[in-house]
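# Structural overview
The chain contents come next:
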Amino acid sequence: MRKTVITLLLIILMPCLASAFYSAENMSEKGNANDLMREEVLAAHNKYRAELEIPPLAWSETLAAHAMQWANHLARSGGQLRHDNVSGEGENLWKGTANYYSHTQRVEYWVSEKRFFKSGVFPHVSTTGDWSDVGHYTQIIWRNTTEVGCAKATSGDRDIFVCRYAPQGNIFTQKQKNLYEDKLYLSAK
């Protein structure tokens, strides 16, 4: 009788135990993926900030959660990129082939705007005359920004990558200097 009760308990409890085990395993894998993303995103952002001797960004779980909410919203809405007008947070958006690009490549896509950047008072910071040609880059190097949080969602065959920044950058009438250019100027004297 006792063996029968134990056997019945095991039969009843095994699915629950297995479910708990696999959920914990999945959470651990998701946690590891998030840790890797955080490290890669911070390294990519801070590489370009260090070039200009701008203090590094710190990761914000709050900003990452906001980025995840917006990335999921965009994915559910068909994947068309549009900015969320959240007060106090800056935002960079990216979309590309699902599971093809690294987080570093996504950040470097934004940094590629550097070729059009010039020192100046925002929005007069682009050699093209259009600040949106450098807006992703200026958000990354905005001196007053101290935190970043990012997330990825998938819509069909496209990944949507959202980074949120605090305090936000790209503030009109604030000076944004390219310190690298200033160093070249100073060293040429």
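Now for a description of the structure that goes with this document. (Residues numbered from 1 in each chain as written. Predicted model: local features only at pLDDT ≥ 70, side-chain atom pairs only at ≥ 80, totals over all residues. Heavy atoms only, no water.)

## Quick look at the pairing of strand 4 (residues 147-155)
As paired strands, strand 1 (residues 58-59) and strand 4 are joined by 2 bridges and run parallel to one another. Looking at strand 4, one finds that Ala58 is bridged to Glu147. For strand 4 and strand 5 (residues 158-166), the ladder comprises 9 bridges, and the chain directions are antiparallel. In the sheet register, Lys152 faces strand 5, and the bridge partner there is Phe161. (Pairing = 2+ DSSP bridges. Helix = DSSP H or I, 4+ residues; strand = E, 2+ residues; numbered from the N terminus.)

## Points about the environment of Gln80
Tracing the chain through its elements places Gln80 in the loop between helix 2 (61-76) and strand 2 (90-97). Sequence-wise, Gln80 and Ser155 are 75 residues apart; in three dimensions their C-alpha atoms are separated by 9.4 Å. When near neighbours in sequence (up to four residues on either side) are disregarded, Gln80 contacts Leu74 and Lys95. (Contact = heavy atoms within 4.5 Å.)

## Concerning the pattern of salt bridges
Within the structure shown, the criterion is met by 8 salt bridges. The partner of Lys114 in a salt bridge is Glu51, with the nearest N and O atoms 3.2 Å apart. Of this pair, Lys114 sits in the loop between helix 3 (103-111) and strand 3 (120-121) while Glu51 is found in helix 1 (residues 2-51), placing the two residues 63 residues apart along the sequence. Lys114 gets classed as partly exposed once you look at its relative accessible area, which sits at 32%. For Glu51, a relative accessible area of 35% gives the class partly exposed. With its nearest N and O atoms 2.9 Å apart, the salt bridge here joins Glu91 to Arg164. Highlighted residues: Glu91 in strand 2 and Arg164 in strand 5, separated in sequence by 73 residues. Through salt bridges with shared partners, a single ionic network connects Asp84, Glu89, Glu91 and Arg164. (Salt bridge = Lys/Arg side-chain N within 4 Å of Asp/Glu carboxyl O. Buried < 20%, exposed > 50% of the residue type's maximum accessible area, 1.4 Å probe, protein only.)

## Things to note about the state of the cysteines
Across all of its chains, the model carries 1 disulfide by this definition. Put simply, Cys150 and Cys163 are joined by a disulfide, and their sulfur atoms are 2.0 Å apart. Between Cys150 and Cys163 the sulfur-sulfur dihedral comes to about 110°; the bridge is accordingly right-handed. Of this pair, Cys150 sits in strand 4 while Cys163 sits in strand 5, and the two are 13 residues apart along the sequence. Accessibility assignment for this pair places Cys150 and Cys163 in one class, buried. (Disulfide = S-S within 2.5 Å.)

## Quick notes on the packing of aromatic side chains
Tallied over the full model, the rule gives 8 aromatic pairs. An angle of 80° between the planes, with centres 4.9 Å apart, marks the rings of Tyr100 and Tyr101 as edge-to-face. Since its relative accessible area comes to 61%, Tyr100 is described here as exposed. Geometrically, the ring pair formed by Phe117 and Tyr137 is edge-to-face, given 5.6 Å between the ring centres and 75° between the ring planes. With a gap of 20 residues between them, Phe117 in the loop between helix 3 and strand 3 and Tyr137 in helix 4 (residues 135-141) connect regions that are remote in the sequence. Across the pair, Tyr137 and Phe117 agree in class, each one buried. Every member of this aromatic cluster is reached through a ring pair, and the members are Phe122, Trp131, Trp142 and Phe172. (Phe/Tyr/Trp six-rings, centres within 6.5 Å; stacked < 30°, edge-to-face > 60°.)

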